[in-house]
Amino acid sequence: MLDVREIAGYVTSGKFALTPMFIMGLALLIVGFGFKTASVPFHMWTPDVYQGAPTSITAYMATGIKPRSAPS
């Protein structure tokens, strides 16, 4: 499971070197979160997906992809 707090602690500890692979991984993580939440600038593709996709996929995109709060 992805633990963002652990990653943040690792980054702020200064115990690593900023390697190109780490920067690329961090960038891809941010892009992935942006697509999942359809946030700016990734919100531009959402209407096209809703219009061109079958109803079942549109229903999944409208409900399944939005972030949910953690169980208490």
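Each value, and the rule that gives it
- Residues numbered from 1 in each chain as written.
- Predicted model: local features only at pLDDT ≥ 70, side-chain atom pairs only at ≥ 80, totals over all residues.
- Heavy atoms only, no water.
- Helix = DSSP H or I, 4+ residues; strand = E, 2+ residues; numbered from the N terminus.
- Buried < 20%, exposed > 50% of the residue type's maximum accessible area, 1.4 Å probe, protein only.
- Areas by Shrake-Rupley, 256 points an atom, 1.4 Å probe, with all protein chains shown as cover.
- Patch = residues over 30% accessible without salt bridge, like charges linked within 9 Å, V, L, I, M, F, W, Y side chains within 5 Å.
- Salt bridge = Lys/Arg side-chain N within 4 Å of Asp/Glu carboxyl O.
- pLDDT = per-residue confidence, 0-100.
- Expected span 1.5 Å × (residues − 1).

**Student:** Looking at this structure, I do not really get the overall build of the protein chain. What am I missing?
**Tutor:** Secondary structure assignment for the protein chain yields four helices and zero strands. Tracing the protein chain from N to C terminus, the helices and strands come up as α-α-α-α. Classification of the 72 residues of the protein chain by burial places 11% in the buried group. Entry remark: accessible area of the protein chain is about 6000 Å², with carbon and sulfur atoms responsible for 70%.

**Student:** Would you explain a nonpolar patch on the surface in this entry?
**Tutor:** Side chains of Leu 2, Val 4 and Phe 33 sit close together on the surface and give an oily, nonpolar patch of about 280 Å² of accessible area. Positionally, Leu 2 belongs in the segment before helix H1 (4–13). According to the relative accessible area criterion, Leu 2 is partly exposed, its value standing at 44%.

**Student:** How should the confidence of the model for the protein chain be read in this particular structure?
**Tutor:** Detail in the predicted coordinates should be disregarded across regions flagged by low pLDDT. When pLDDT is averaged along the protein chain, the result is 75, and 83% of the positions lie at 70 or above. The least confident element of the protein chain, judged by mean pLDDT, is helix H3 (residues 46–52) at 73; the most confident is H1 at 84.

**Student:** For this particular structure, what's the right way to read helix H2 (residues 20–37)?
**Tutor:** Along an α-helix, a turn takes 3.6 residues, which lines up residues three or four apart on a common side. Between the first and last C-alpha of H2 there are 26 Å, a value that for 18 residues agrees with the 26 Å anticipated at 1.5 Å per step. At the C-terminal side of H2, Ala 38 shows a positive phi close to 55 degrees.

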